[in-house]
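# A structural walkthrough
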Number of protein chains: 4
Amino acid sequence: MLSFENDYCCGAHPSILERLAATNATQHPGYGSDDVCAAAAEKIRRACASPEADVRFLVGGTQTNQTVIDAITPPYAGVVAADTGHVNVHEAGAIEATRHKVLTLPHHNGKIDAAELRDYCTTFYADGNYEHMVFPGTVYISHPTEYGTLYTLNELEALRAVCDRFGMKLFLDGARLGYGLTADGTDVTLQDIGRLTDVFYIGGTKVGALFGEAVVFPKNDAPAHFLTLIKQHGALLAKGWLLGLQFDTLFENDRYMTIARHANEAAARIRTVLRERGYTLTMETPTNQIFITMDNETIARLQEHVRLGFMEKADDTHTVMRICTAWSTTDEQVDELIALL
Amino acid sequence: MLSFENDYCCGAHPSILERLAATNATQHPGYGSDDVCAAAAEKIRRACASPEADVRFLVGGTQTNQTVIDAITPPYAGVVAADTGHVNVHEAGAIEATRHKVLTLPHHNGKIDAAELRDYCTTFYADGNYEHMVFPGTVYISHPTEYGTLYTLNELEALRAVCDRFGMKLFLDGARLGYGLTADGTDVTLQDIGRLTDVFYIGGTKVGALFGEAVVFPKNDAPAHFLTLIKQHGALLAKGWLLGLQFDTLFENDRYMTIARHANEAAARIRTVLRERGYTLTMETPTNQIFITMDNETIARLQEHVRLGFMEKADDTHTVMRICTAWSTTDEQVDELIALL
Amino acid sequence: MLSFENDYCCGAHPSILERLAATNATQHPGYGSDDVCAAAAEKIRRACASPEADVRFLVGGTQTNQTVIDAITPPYAGVVAADTGHVNVHEAGAIEATRHKVLTLPHHNGKIDAAELRDYCTTFYADGNYEHMVFPGTVYISHPTEYGTLYTLNELEALRAVCDRFGMKLFLDGARLGYGLTADGTDVTLQDIGRLTDVFYIGGTKVGALFGEAVVFPKNDAPAHFLTLIKQHGALLAKGWLLGLQFDTLFENDRYMTIARHANEAAARIRTVLRERGYTLTMETPTNQIFITMDNETIARLQEHVRLGFMEKADDTHTVMRICTAWSTTDEQVDELIALL
Amino acid sequence: MLSFENDYCCGAHPSILERLAATNATQHPGYGSDDVCAAAAEKIRRACASPEADVRFLVGGTQTNQTVIDAITPPYAGVVAADTGHVNVHEAGAIEATRHKVLTLPHHNGKIDAAELRDYCTTFYADGNYEHMVFPGTVYISHPTEYGTLYTLNELEALRAVCDRFGMKLFLDGARLGYGLTADGTDVTLQDIGRLTDVFYIGGTKVGALFGEAVVFPKNDAPAHFLTLIKQHGALLAKGWLLGLQFDTLFENDRYMTIARHANEAAARIRTVLRERGYTLTMETPTNQIFITMDNETIARLQEHVRLGFMEKADDTHTVMRICTAWSTTDEQVDELIALL
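Residues numbered from 1 in each chain as written. Chains lettered and ligands numbered in written order. Predicted model: local features only at pLDDT ≥ 70, side-chain atom pairs only at ≥ 80, totals over all residues. Heavy atoms only, no water.

## Overview of the overall build of chain A
Assigned secondary structure in chain A consists of 13 helices and 13 strands. Taking 20 Å as the expected radius of gyration for a compact globule of 341 residues, we find that chain A reaches 20 Å, a close match to that expectation. Considered along the principal axes of its C-alpha atoms, chain A spans approximately 60 × 55 × 35 Å. In chain A, buried positions account for 66% of the 341 residues. Summarising the internal contacts of chain A: among those between residues at least 6 apart in sequence, 72% fall at separations of at least 24. When the accessible surface of chain A is totalled, it reaches about 11400 Å², and 49% of it is carbon and sulfur. Looking at chain A, you have 28 positive and 44 negative side-chain charges, and the mean spots of the two groups are 4 Å apart. (Helix = DSSP H or I, 4+ residues; strand = E, 2+ residues; numbered from the N terminus. Rg over C-alpha atoms; globule rule 2.2 N^0.38 Å. Buried < 20%, exposed > 50% of the residue type's maximum accessible area, 1.4 Å probe, protein only. Contact = heavy atoms within 4.5 Å. Areas by Shrake-Rupley, 256 points an atom, 1.4 Å probe, with all protein chains shown as cover. Lys, Arg positive; Asp, Glu negative; His and termini not counted. Charge placed at Lys NZ, Arg CZ, Asp CG, Glu CD.)

What follows is the structure in structure tokens.
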């Protein structure tokens with residue numbers, strides 16, 4: 001059955017599998033201390049225009065959020081996130097499992113607002129009892145957000161300024177970063193992210209890799225003994241070069257951007273058809289995720305032929321569904337979906 | 001300077017100090033395994049009409065919340081609380097420090113609503129991704145709440161029913177329980193609490209003791225090796241009989257209720273005057289805490305003579321302040337305050 | 001350069017890569033809820049003669065030890081292990097990071113002794129203060145051990161009996177299980193392990209897979225909401241079918257056993273030569289790891305041509321080194337090593 | 001029945017109870033922000049000759065060990081302790097509950113040896129895999145030890161030197177510090193401890209207080225937001241002045257030292273009689289704890305009249321028992337015990 005359920009339903013870009021096969025018998029040292037990881041890190045440093053960056057490779061998104069947030073957030077502090085943030089909702093308490101509270105701000109199409117963040121911090125430090133409360137230590141944003149939306153450069157700069165003012169770290173979850181960087185109309189580049197965040201990750205799992213997320217500390221200020229912390233979180237892959245190999249392949253010849261743009265274009269085609277045919281887009285999104293509020297009968301009819309993502313009940317007869325394209329989505333699959341709509 | 005800042009600004013009921021002095025040289029076994037604790041527990045069992053109850057004595061409120069919630073909440077679950085709940089706001093992340101997420105519901109004058117709790121749980125289990133989310137495992141309520149308000153018997157029974165339906169434990173934080181049980185108009189008794197909760201505590205720190213909270217498992221189903229868990233949380237007092245002695249003294253001759261009622265009466269006197277003199281009560285509360293929205297000039301004038309509690313900014317020229325009476329408040333102090341108002 | 005440094009220096013058995021390539025474009029549901037995982041689990045259930053077993057797939061060894069031990073060990077308890085056990089030494093505190101103490105017994109060539117375990121527990125419960133101590137809740141053994149040694153069936157049965165007597169869970173770390181099951185002279189089968197342990201895992205990372213460990217609860221008594229706990233530990237792979245596919249491939253046509261036996265045979269060839277040429281074997285091991293105590297000059301000479309594992313200083317002029325074969329070791333590599341020795 | 005079971009079986013020095021009674025109605029601000037705590041801290045700073053010291057007051061020993069070690073030990077590190085150390089054996093896993101491993105060294109009459117500590121660290125950093133291991137971050141010593149023994153000044157200085165060399169913090173558990181400072185023949189003063197440790201605590205629970213331990217950071221380098229960390233550990237007493245009052249009383253007129261010396265003298269009297277009557281002292285100890293290896297019949301006879309502490313089985317017919325004097329031990333009690341021996 002056709003699936004537009006998510007962007008992690010297929011394997012990897014074929015060039016990755018080819019390289020895996022070609023180097024399968026090569027003997028590598030373990031835990032990421034190999035030449036392939038070094039080469040991949042160097043490519044990423046260049047792409048971010050962060051020549052000093054410390055780049056590490058982890059396996060999955062929740063694991064990365066957990067490991068990074070725990071490592072950079074002081075013990076008396078928590079992480080500020082949109083109430084819809086992945087770390088707040090869909091990580092089974094992975095952040096709290098490392099003893100940090102998630103402090104929530106109301107989301108605006110998945111994003112937090114710099115002015116609201118500033119007010120939150122101002123109110124916090126104005127409270128006579130703030131020493132009895134969890135300090136805002138790290139700010140977590142996802143770009144694209146869980147709703148497929150994007151921060152503008154102005155918005156990122158405003159968040160950075162608030163973080164500077166209140167001594168907070170800015171961490172950007174880029175599980176779908178490729179789709180954000182190649183979206184129509186975005187003014188945010190990878191270099192901007194390298195300049196404005198303290199740490200971010202470039203998602204591989206959802207953008208062309210079998211698995212893998214590249215964590216970047218652009219100012220080369222990873223926490224002391226970060227490798228040990230990765231190990232302690234159960235997040236250190238024995239065959240680390242498998243991660244390096246995938247990112248090295250994705251970051252050669254602009255492949256990461258090319259395949260991400262492809263998914264956005266597929267989404268744009270579908271969005272156009274949806275609009276033409278009178279579907280209700282729940283919100284405007286420029287990336288590979290499309291949210292539609294549909295009546296339940298239409299959903300039932302569609303789901304006989306295609307798997308879609310369930311988001312939430314809209315009302316008694318309507319539901320918000322997600323259509324998600326990916327680097328692996330083919331033109332034929334898009335045609336098939338359009339025929340069904 | 002006069003203080004109506006909180007209800008833990010004085011020592012203990014004189015009968016406690018007298019008994020401490022009288023038995024100071026007596027040799028007791030450690031860690032609560034003494035006769036005094038046993039006698040206090042028995043008095044509490046009787047007062048709760050829970051003859052099988054397991055009663056333990058801890059030192060402070062945050063410590064008790066942390067130890068109990070951690071002990072009764074499964075590792076895949078969090079604790080549901082009002083967003084204003086002490087565990088969510090003023091415990092410096094003590095709950096998350098034991099790896100449990102605080103899941104918040106909007107408060108209604110400090111209380112959570114059973115229908116909203118039911119909806120929360122229904123929505124949770126209807127979500128296709130609920131296994132990626134923190135389960136609602138324990139429900140935390142405070143009675144009186146942080147705003148001095150009280151649940152009605154109907155409300156408690158409705159919460160109990162929702163807990164039963166969704167397999168959740170009901171934990172009642174009774175840091176100020178005495179003030180709640182003796183409030184004008186309440187229809188909730190200690191026996192009701194014994195019948196309707198899985199575990200609760202009777203606050204001593206704020207109601208007549210130097211320190212101490214009595215944790216009650218009315219169905220005698222404390223977690224396995226609860227003493228070891230108390231120790232592991234650093235919460236096991238070496239000279240445990242000091243806790244037993246205080247509760248044994250408070251629960252003889254109805255002393256706990258008598259001294260709590262006294263504080264409520266003092267608050268009632270003050271409230272009457274406030275109304276007569278046109279002050280704005282922020283909300284109606286039947287216990288020892290009074291919240292007033294005052295203009296900042298009045299506050300400045302008052303604070304030259306009396307310490308009040310700061311709650312939050314109301315607007316640019318007004319602030320919500322708290323007047324808090326206690327078991328130790330004297331008629332003279334009330335007179336003095338009234339003279340100032 | 002030639003490497004006999006470890007058994008995770010190469011990719012995967014070619015049949016895995018072929019299948020990855022063949023099914024790369026197939027769309028799967030996420031998180032292990034796919035048919036491939038189901039098929040792999042069924043093959044493993046059959047191989048273990050545990051038709052009711054609950055089988056889960058995780059990515060790496062430390063991650064698996066952390067997630068399983070945390071999930072099965074009560075909060076008042078720790079995990080008993082050999083002082084040389086991986087969980088005690090080489091996991092950067094991953095077990096303690098989940099709040100459980102590692103309680104150590106002296107090792108005997110990497111193994112713990114059932115009689116010593118029984119004495120440990122007897123002494124523990126005889127101590128008047130045992131409620132102030134960490135209870136022995138889970139017993140961790142590795143098979144093969146970190147020293148390549150194996151438990152006999154009698155030894156496993158004796159450990160099982162002690163666990164039963166003191167209410168402990170028995171967890172077997174099978175990171176190198178294939179090498180143990182196919183060792184010359186072992187009388188322990190996979191079915192025995194299914195019968196005698198509460199939970200164990202079948203190592204893929206070191207035995208033919210790119211990565212992956214198959215956790216088996218032979219009595220189908222995985223902890224409640226174990227999927228949620230896996231997620232909370234950051235250990236839930238988005239593309240779960242990648243794990244299923246690897247184990248499904250390894251467990252067809254006895255492949256797992258065949259490739260493991262091959263590594264043991266390579267080790268046996270090397271061991272014979274070492275003995276003939278007068279090398280000092282540090283201890284007798286029947287699996288793919290060989291420990292030799294060598295003078296430092298010989299080591300320096302060898303390391304110009306081959307990477308070996310460093311274990312520990314023996315004395316001022318000698319060092320214990322490890323020669324490790326793997327499923328991927330070729331006859332030519334063995335010949336080359338023998339020529340060097 | 002007479003008890004020499006421990007040194008926390010009685011209340012507090014009478015001067016403390018008197019002062020509690022005298023100031024019972026005084027209104028204090030909460031959480032240790034009061035004048036009494038400030039005065040007590042100042043007295044302690046003077047006694048330690050550490051004019052810059054940051055002094056905090058906690059309730060109990062395990063709580064203090066847990067809070068301090070967690071606060072000062074980096075996340076990639078553990079705490080080195082004697083295998084007999086309280087944190088390793090008798091705190092129910094309180095240290096691991098905060099995610100830190102206890103790394104053990106063999107004890108020598110309860111003490112660790114600086115040379116062995118140096119070797120441990122040297123071996124650690126020489127291991128090629130040390131990044132996969134728990135770093136030695138903090139060194140925990142107790143003075144007196146759990147066996148009543150004392151470090152010499154030379155030994156403390158040697159430990160300090162090793163800590164400096166390997167970047168470790170030195171933490172001294174002074175639960176019984178008074179008994180150590182006033183022991184016959186000790187050359188270690190409170191000023192030495194202030195000079196040589198990074199943090200230590202002065203035990204009140206076992207030396208004249210109802211409860212309470214004074215944590216001292218002699219270099220005024222407490223971890224950032226240490227008050228918040230105390231709160232997060234459930235260790236912040238609401239009526240903080242109760243702690244200040246006790247230490248202020250103990251540190252006036254040399255009272256802490258005087259009452260501790262009294263206990264040592266009582267122990268010395270008992271020790272003399274034990275030697276005269278041919279009892280076997282398990283080890284030589286200069287403080288208030290006496291360990292005797294006794295045949296089980298004698299023990300049974302004695303225990304009809306006096307409670308002693310059980311330490312461990314010596315052999316099938318003998319047991320190591322503890323006789324513990326305290327600040328509260330009277331001459332009559334000593335006479336009574338001597339008559340029984």
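## Side note on the relation of the copies chain B and chain A
Take chain B, turn it by 180°, move it 0.0 Å along the axis, and it overlays chain A with an RMSD of 0.0 Å. Expressed as a symmetry operation, the mapping of one chain copy onto the other fits a two-fold axis. In this assembly, 100% of the residues forming the interface of chain B have copies in chain A that are likewise at the interface, indicating an isologous arrangement. (Least-squares fit on C-alpha atoms with pLDDT ≥ 70 in both.)

## Quick word on the interface of chain B and chain A
Counting residues at the interface gives 16 residues for chain B, matched by 17 residues for chain A. Across the chain B to chain A interface the summed buried area is about 1500 Å²; carbon plus sulfur atoms make up 52%. Broken down residue by residue, the surface that chain B buries against chain A is led by His90, Glu96 and Lys101 of chain B, which jointly contribute 33%. Inspection of the region where chain B meets chain A yields 2 salt bridges. For Lys101 of chain B, the salt bridge is made with Glu96 of chain A, and the minimal N-O distance between the two is 2.6 Å. Tallied by class, the residues present in the side of chain B that touches chain A amount to 6 nonpolar, 6 polar and 4 charged. (Buried area = accessible area lost by both parts, 1.4 Å probe. Salt bridge = Lys/Arg side-chain N within 4 Å of Asp/Glu carboxyl O. Nonpolar A, V, L, I, M, F, W, Y, C, P; charged D, E, K, R; others polar.)

## With respect to the confidence of the model for chain A
For chain A, the average pLDDT comes to 97, and 100% of its residues sit at 70 or higher. Scored by ipTM, the complex comes to 0.97, with pTM at 0.98. (pLDDT = per-residue confidence, 0-100.)

## Digging into the sheet that holds strand β7 (residues 199-203) of chain A
Residues and elements named next belong to chain A. Read across the open sheet, the 7 strands follow the order β2-β8-β7-β6-β5-β3-β4; overall the sheet is mixed. The open sheet has two edge strands, β2 (54-58) and β4 (102-105), and neither has a second partner. The sheet shows a mean angle of 25° between the axes of neighbouring strands, taken without regard to direction. Here strand β3 (residues 77-82) runs beside β4; their pairing, made up of 4 bridges, is parallel. By the bridge assignment, Ala82 is partnered in β4 with Leu105. (Pairing = 2+ DSSP bridges. Axes fitted to C-alpha atoms, helices over the stretch in contact; angles between N-to-C directions.)

## Examining the relation of the copies chain A and chain C
With an RMSD of 0.0 Å, chain A superimposes on chain C once it is rotated by 180° and translated 0.0 Å along the axis. Interface residue correspondence from chain A to chain C reaches 100%, placing this contact among same-surface, isologous pairings.

## Describing the environment of Met133 of chain A
Relative to the elements of secondary structure, Met133 of chain A occurs in the loop between α5 (114-126) and β5 (135-142). With relative accessibility at 13%, the residue Met133 of chain A sits in the buried group. Sequence separation of Met133 of chain A and Ala77 of chain A is 56 residues, and the distance between their C-alpha atoms is 8.7 Å. With near-sequence residues (within four places) excluded, Met133 of chain A lies in contact with Tyr76, Phe124 and Asp127 of chain A, Val89, His90 and Ala92 of chain B together with Thr228 of chain D.

## Here's the deal with the environment of Glu52 of chain D
Residue and element names in this part refer to chain D. Structurally, the position occupied by Glu52 is in the loop between α2 (35-48) and β2 (54-58). For Glu52, a relative accessible area of 53% translates into the label exposed. Measuring from C-alpha to C-alpha, the distance between Glu52 and Lys313 comes to 47 Å, with 261 residues separating the pair along the chain. Residues contacting Glu52, with those up to four places away along its chain left out, are Arg45, Pro218 and Asn220.

## Structural notes on the domain arrangement of chain A
Residues and elements named next belong to chain A. The domain boundaries assigned to chain A delineate domain 1 (2-7 + 255-340) and domain 2 (14-250). Taking only C-alpha atoms into account, the centre of domain 1 sits 27 Å from that of domain 2. Each partner contributes residues to the interface: domain 1 has 20 residues there, and domain 2 has 26 residues. Per-residue buried area on domain 1 facing domain 2 is highest for Asp7, Arg255 and Tyr256; these three make up 32% of the total on that side. There are 1 salt bridge connecting domain 1 and domain 2. As a salt-bridge pair, Arg176 and Asp7 come within 2.6 Å of each other at their nearest N and O atoms. Counting only elements with at least two residues in the side of domain 1 that touches domain 2, the list comes to α11 (255-276) and β10 (289-295). (Domains from an automatic or database assignment.)

## As for the interface of chain A and chain C
Of the residues lining the interface, 47 residues belong to chain A; the matching set on chain C comes to 47 residues. Taken together, both faces of the contact between chain A and chain C bury some 3700 Å²; the carbon and sulfur share is 54%. When the buried area of chain A at its contact with chain C is split by residue, Asn24, Gln27 and Lys239 of chain A rank highest and sum to 19% of it. The interface formed by chain A and chain C includes 0 salt bridges. Applying the counting rule to chain A against chain C returns 26 residue pairs in polar contact (both at pLDDT 80 or more). The set of elements that each furnish at least two residues to the side of chain A that touches chain C consists of β1 (2-3), α1 (14-22), α3 (61-72), α9 (226-232) and α10 (241-250) of chain A. In terms of residue count, the dominant contributor to the side of chain A that touches chain C is α1 of chain A (4 residues). Among the residues forming the side of chain A that touches chain C, the class breakdown is 24 nonpolar, 19 polar and 4 charged. (Polar contact = N/O pair within 3.5 Å; in protein donor to acceptor, adjacent residues only side chain to side chain.)

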